[in-house]
Amino acid sequence: MIRGPLDKEGPDRLYTVTGGRSRADESRFDMVTLIVSESDPTPGMQSEHVKILRMCRRPLSVVEISSYLELPVSVVKILLCDLLDTGRITARHPHAARPGGRLPEPETLKKVLVALQNL
Amino acid sequence: MHSRISDSTVSPALPGSAGHAPLRESASNGLKIVIVGGFGVGKTTMVKSVSEIRPLSTEETMTQAGVGIDDASLVRDKTTTTVAFDFGRISLDEQMVLYLFGAPGQERFWFLWDRLFAGTLGAVVLVDTNRLADSWYALDRLEHHGTPFIVARNNFTEPRHSLEDVREALDLSPDVPMIDCDARKRDSSKAVLVALARHLYSLSTDAAGKSTAAAGKSAG
Ligand SMILES: Nc1nc2c(ncn2[C@@H]2O[C@H](COP(=O)(O)OP(=O)(O)OP(=O)(O)O)[C@@H](O)[C@H]2O)c(=O)[nH]1
Ligand SMILES: [Mg+2]
């Protein structure tokens, strides 16, 4: 599992997609942050940005976007930073987990339990 | 059996094999559960049997150097590790969406655990009783990180031991729930998730006022 199908893309594509930027802003998104487009793609926009805006007309998680784009999660987060900074997307961050690795409120967990029981 | 959609795994959200299966408009709160366990124990099978979408896979590249190094370009950094994982999803209600991650089986992945699955509610440790030793490492890491978990025995064949025998063999505390399952079956995998959710709920109510709600094993 450590070596995956994306490896064949080689580092060049990843470098091009991100413009060689660092990982500095990645912490702005969780893997399950839900992304929603706030505008349509415009001419001349980077193709990955276009794809994200089309994909997220309804909410979609960072990790799903990563899978559909066949790009590592960290690369997708960099792409999302650009779109967030220009107001083209909004991000719905997870709000169940509490700081310090503590469990969510019992009320939230009760809802999870009941929903799973009713599946 | 050439039908593309099996009745037990049909997904109302799935428009087609090439579709991007978006969430409902009101979805706003992503939750995480991780399925861990040894190589080939049935993690991906379990994700597949309960997910509302066809299971997806992706990768994360992680640098082993400390965060905050400005020029740690992820593609040129020699210390980058690539971790592949698969996942599925269950829409719980109008807002909550539960993501299930099938963690890679290899031990070398585990040092990345806390970063990759930070904020996870809890874990299912899948075990195959013929290969119990495969799960020791996963159990050790979960206890170390204080992630709540349950143990689910995936019964490839008719079990020859009681779950209490397994508990003893794994040196599990009496408060870790254990359950038998068949990861290929939706209802059985669903029961595993219900057992984990019940455990998390009871920990959260027990822990009201305590400093940590996360210990899967009682202290001392
Ligand atoms: N008989 C039987 N076979 C199973 C069961 N669960 C999984 N399998 C089979 O076991 C094999 C491995 O299952 P996976 O779900 O891929 O296991 P995994 O834990 O994801 O494996 P890795 O990701 O490689 O560690 C597959 O061929 C499954 O069809 C089960 O409950 N009974
Ligand atoms: Mg797998």
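Residues numbered from 1 in each chain as written. Chains lettered and ligands numbered in written order. Predicted model: local features only at pLDDT ≥ 70, side-chain atom pairs only at ≥ 80, totals over all residues. Heavy atoms only, no water.

**Observations concerning the site of ligand 1**
Residues and elements named next belong to chain B.
Phase 1: The environment of ligand 1 is made up of 13 residues, and the closest members are Gly42, Lys43, Thr44, Thr45 and Asn154.
Phase 2: Here an oxygen atom of ligand 1 sits 2.4 Å away from a polar atom, N or O, in the side chain of threonine 45.
Phase 3: Contact distances for ligand 1 include 3.3 Å between a nitrogen atom and a side-chain N or O atom of arginine 184.
Phase 4: Starting from 650 Å² of accessible surface for ligand 1 in isolation, the protein chains cover 69%.
Phase 5: With 3 residues, helix H1 (residues 43-50) is the single largest residue contributor to the shell around ligand 1.
Phase 6: For the shell around ligand 1, a count of residues per class yields 4 nonpolar, 6 polar and 3 charged. (Near = heavy atom within 4 Å. Polar contact = N/O pair within 3.5 Å; in protein donor to acceptor, adjacent residues only side chain to side chain. Areas by Shrake-Rupley, 256 points an atom, 1.4 Å probe, with all protein chains shown as cover. Helix = DSSP H or I, 4+ residues; strand = E, 2+ residues; numbered from the N terminus. Nonpolar A, V, L, I, M, F, W, Y, C, P; charged D, E, K, R; others polar.)

**Quick notes on the packing of aromatic side chains**
Think of a pair of aromatic rings as described by two things: how far the centres are apart, and how the planes are tilted against each other in angle.
Residues and elements named next belong to chain B.
Phase 1: In this structure the tally under the stated criterion is 3 aromatic pairs over all chains.
Phase 2: Judged by centre distance (5.7 Å) and plane angle (65°), the ring pair of phenylalanine 85 and phenylalanine 101 falls under edge-to-face. Of this pair, phenylalanine 85 sits in strand E3 (residues 80-91) while phenylalanine 101 sits in strand E4 (residues 96-102), and the two are 16 residues apart along the sequence.
Phase 3: Where phenylalanine 87 meets phenylalanine 101, the ring centres are 5.9 Å apart and the plane angle is 40°; that geometry is what we call tilted. Of this pair, phenylalanine 87 sits in strand E3 while phenylalanine 101 sits in strand E4, placing them 14 residues apart in sequence.
Phase 4: The class of phenylalanine 87 is buried, set by a relative accessible area of 0%.
Phase 5: Among the residues examined, phenylalanine 101 registers a relative accessible area of 0% and is labelled buried.
Phase 6: Put simply, the rings of Phe85, Phe87 and Phe101 touch in pairs and so form one group of aromatic residues. (Phe/Tyr/Trp six-rings, centres within 6.5 Å; stacked < 30°, edge-to-face > 60°. Buried < 20%, exposed > 50% of the residue type's maximum accessible area, 1.4 Å probe, protein only.)

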